[in-house]
Amino acid sequence: MHFADLLIGREASVRSALSTIDGQCVERVFVADAGGRLLGSVSQVDITRALLRGTPLGAPAYPLMHSPVVSVKSTEGRAEVLDLMRALKLSEIPVVDEHGRIVGVHAERELSGINRLKNWAVIMAGGRGTRLGALTDHIPKPMLPVAGRPILERLVLHLVGSGIEKIFLSVNYLSKIIEEHFDDGARFGCEIEYLREDPELPLGTGGPLRLIGELGYEPTEPLLVMNGDLVTEFAVGELMDAHASREVVATIAMTEYRHQVPFGVLESESGNLVRMVEKPTSSWPVNAGIYVMEPRLLARIPAGELFPITALFDDCLSEGLPVGLWKLREHWQDIGRPNELAQARGQV
């Protein structure tokens, strides 16, 4: 299917729009002006309602158009587009260039099935981001844009696109910006609640989890918990399945940190050179800031105290409670320093 097959002009009739929808097996067509600029969309639902109101098939379809239309740039990756389509429950989404001209359409037939998950997710988005300096003077770190979309929005869309329907956002610093952007989550295809910290009493990466109960919620399925400053498209379903398959109270996602020594390394024995290794690289498994935890662990988190989530896992280990590990294979980028943000933005 070529994207031009889903375009109609302003002068197109209802019959023409409906014929295109039926012939291409899609839910909507897109209206473009003479220059190819995207004006809006007309869906099968819109046409059905109009016909029921007595609108003739020969009438123009333009008055039924919805505008603006959710669209993407050609630079956005396929996984990001699929996340957006799944989150907003869109069967088709147009691709536009910098002038607003439609240059492509992503269709539902590209998608694989998605299983809805009963698990809730918690995203820690309350940090100040002091290591980013002036970049976070007027915007919370998770709302910094990467490829035209806030980091936190990317995470929300990815979770929803992976089957998560309820998300808690832990907020503190400049929380109003986050809350105004996401509201109740409806326009992102999910339900969003806020875990609000006292600005004078930050709770760290683990303490806000205790606020879930204070809101009157009691999870019955394992919780997915993650930092809000990550650029990643990790396999949510695989992580949840890996946790469920093992007798563990928590699972920590891990990624690989690699470091290259910028010099030739000399290996010696008894003062004599044995071997020279030019700029060797070493790697270590590191915490990716993504966790799954059983609901009963919430009771171990102290109320109203600064509490890092790693202390929770230390507590589990000290009592002999098993904590599993899961290797994250997809791209992962922590945004903590200016160079890391620049790297995520493709500037270095």
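The coordinates are above.
Residues numbered from 1 in each chain as written. Predicted model: local features only at pLDDT ≥ 70, side-chain atom pairs only at ≥ 80, totals over all residues. Heavy atoms only, no water.

**Student:** Requested: an account of the overall build of the chain, with residues and values cited.
**Tutor:** The secondary structure content of the chain amounts to nine helices and 19 strands. The C-alpha extent of the chain, read off along each of the three principal axes, is 90 × 55 × 45 Å. Here the chain holds 348 residues, and 47% of them are scored as buried. Excluding contacts between residues fewer than 6 apart, the proportion of contacts in the chain whose partners are at least 24 apart in sequence is 66%. (Helix = DSSP H or I, 4+ residues; strand = E, 2+ residues; numbered from the N terminus. Buried < 20%, exposed > 50% of the residue type's maximum accessible area, 1.4 Å probe, protein only. Contact = heavy atoms within 4.5 Å.)

**Student:** A description of the sheet that holds strand β11 (residues 191–196) should follow, citing residues and the corresponding values.
**Tutor:** Pairing is mixed in the open sheet, where seven strands are placed in the order β11-β10-β7-β12-β17-β14-β18. The open sheet has two edge strands with one neighbour each: β11 and β18 (323–327). Strand-to-strand twist in this sheet, taken as the mean axis angle between neighbours without regard to direction, amounts to 30°. When strand β14 (residues 250–260) meets strand β17 (residues 281–293), the two strands line up antiparallel, connected through ten bridges. (Pairing = 2+ DSSP bridges. Axes fitted to C-alpha atoms, helices over the stretch in contact; angles between N-to-C directions.)

**Student:** Explain the sheet that holds strand β2 (residues 28–32) to me, using residue names and the numbers behind them.
**Tutor:** The strand order across the open sheet built from three strands is β1-β2-β3, with neighbouring strands paired in mixed fashion. Because the sheet does not close on itself, it has two edges, and the strands there are β1 (7–8) and β3 (38–43). Pairing between β1 and β2: two bridges, direction parallel. From the neighbouring strand, I8 faces β2, where its bridge partner is V31.

**Student:** So what's going on with the packing of helix α3 (residues 78–88) against helix α4 (residues 151–161)? Residues and values would help.
**Tutor:** The description of two packed helices rests on the angle between their axes and on the distance between the axes. Look at α3 against α4: their axes get within 8 Å of each other, and the N-to-C directions meet at 65°. The angle between α3 and α4 places the two elements in the roughly perpendicular class. Relative to α4, α3 is oriented so that their crossing is left-handed. Here E80, D83, L84, R86 and A87 of α3 lie close against α4, whose contacting residues are R154, L157, H158, V160 and G161. Here the contact of α3 with α4 is composed, by residue class, of four nonpolar, two polar and four charged. (Parallel < 35°, antiparallel > 145°, perpendicular 65-115°, else oblique. Left-handed = near helix turned anticlockwise from the far one by under 90°. Nonpolar A, V, L, I, M, F, W, Y, C, P; charged D, E, K, R; others polar.)

**Student:** Go over the environment of L84, please, and point to the residues and values.
**Tutor:** Considering the arrangement of structural elements, one finds L84 in helix α3. Residue class for L84 comes out buried when judged on its relative accessible area of 5%. Sequence-wise, L84 and E153 are 69 residues apart; in three dimensions their C-alpha atoms are separated by 9.9 Å.

**Student:** Outline the pattern of salt bridges, supporting the account with residue identities and numerical values.
**Tutor:** Across all of its chains, the model carries 17 salt bridges by this definition. Close ionic contact of E340 with R337 constitutes a salt bridge, the shortest N to O distance being 3.5 Å. Residue class for R337 comes out partly exposed when judged on its relative accessible area of 39%. Bridged by salt links that share partners, the residues E27, R28 and E92 form one connected network. (Salt bridge = Lys/Arg side-chain N within 4 Å of Asp/Glu carboxyl O.)

**Student:** Which residues make up the packing of aromatic side chains, and what values do they have?
**Tutor:** Counted under the stated rule, the structure contains six aromatic pairs. Geometrically, the ring pair formed by W120 and Y217 is edge-to-face, given 5.8 Å between the ring centres and 85° between the ring planes. Within this pair, whereas W120 is found in the loop between β6 (102–107) and β7 (121–124), its partner Y217 is found in the loop between α6 (211–214) and β12 (223–227), the two being separated by 97 residues in sequence. Judged by relative accessible area, W120 falls into the buried class, the value being 18%. Owing to a relative accessible area of 23%, Y217 belongs among the partly exposed residues under this scheme. Here a set of aromatic residues connected by ring pairs shows up, and it is made of W120, F168 and Y217. Above the plane of the ring of W120 lies K166, whose end atom (NZ or CZ) is 6.0 Å from the centre. (Phe/Tyr/Trp six-rings, centres within 6.5 Å; stacked < 30°, edge-to-face > 60°. Lys NZ or Arg CZ within 6 Å of the ring centre and 35° of its normal.)

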